[in-house]
Amino acid sequence: MSHAIERTQVFGADWCADCRRTKSWLRRHDVPFVEFDTDADPAMRTRAAEIAGGRTNIPVVVTPEGTVLVEPTNVELAEALAAHGRPRGRSGCR
């Protein structure tokens with residue numbers, strides 16, 4: 001597994017509703033993230049597919065610990081980021 005990253009990474013596109021929902025959830029929960037546009041940059045599209053084990057679904061989210069989530073639900077985001085000091089519970093799943 002690769003070394004830990006400082007911020008959550010989100011690979012996605014502006015037209016993608018799941019990508020918008022994911023970024024909105026991260027903002028609401030004060031999770032710092034860096035965004036990579038898979039439409040604007042073909043290299044980022046390729047990188048996202050590599051990270052996701054060949055899957056081309058977006059968003060692809062990489063947590064600071066290296067956990068990879070593909071098209072995560074809000075609950076999956078809450079659970080994966082709880083390990084990085086983010087609160088869990090009902091408020092974290094909305």
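This text gives an overview of the structure that appears in the document. (Residues numbered from 1 in each chain as written. Predicted model: local features only at pLDDT ≥ 70, side-chain atom pairs only at ≥ 80, totals over all residues. Heavy atoms only, no water.)

1. Points about the pairing of strand 1 (residues 8-12)
Using the following cut-off: A simple rule labels every residue: compare its accessible area, found with a 1.4 Å probe on the protein chains alone, to the largest value its type can have, and call it buried under 20%, exposed over 50%, or partly exposed in between. For helices the rule is a DSSP run of H or I covering at least 4 residues; for strands it is a run of E covering at least 2, with both sets numbered from the N terminus onward. At least two DSSP bridges between two strands are needed for those strands to be called paired. Assignment of crossover handedness uses the view with strands pointing away from the viewer, where a clockwise path from the first strand over the helix to the second indicates a right-handed crossover.
Most of strand 1 is tucked away: 5 of the 5 residues are buried. Judged by which residues are buried, strand 1 turns out to be covered on both faces: Thr8, Val10 and Gly12 on one side and Gln9 and Phe11 on the other are all buried. Pairing of strand 1 with strand 2 (residues 33-37), which is carried by 5 bridges, proceeds in the parallel orientation. Bridge pairing in strand 2 links Gln9 to Val34. The parallel pair strand 1 and strand 2 is bridged by helix 1 (residues 17-28), and the resulting crossover is right-handed. As judged from the 3 bridges shared by strand 1 and strand 3 (residues 60-62), these two strands associate in the antiparallel manner. By the bridge assignment for strand 3, Phe11 is matched with Val60.

2. A closer look at unusual backbone geometry
In the segment running from Ile58 into Pro59, the intervening peptide bond is cis, with an omega of 5°. Mapped onto the elements, Pro59 comes out in the loop between helix 2 (42-51) and strand 3. A positive phi angle, near 55°, is found at Asp30, a position not held by glycine. Structurally, the position occupied by Asp30 is in the loop between helix 1 and strand 2. The exposed category is assigned to Asp30, whose relative accessible area is 61%. In this structure, Glu71 takes a positive phi of about 50° despite not being glycine. Position of Glu71 relative to the elements: it lies in the loop between strand 4 (68-70) and helix 3 (74-82).

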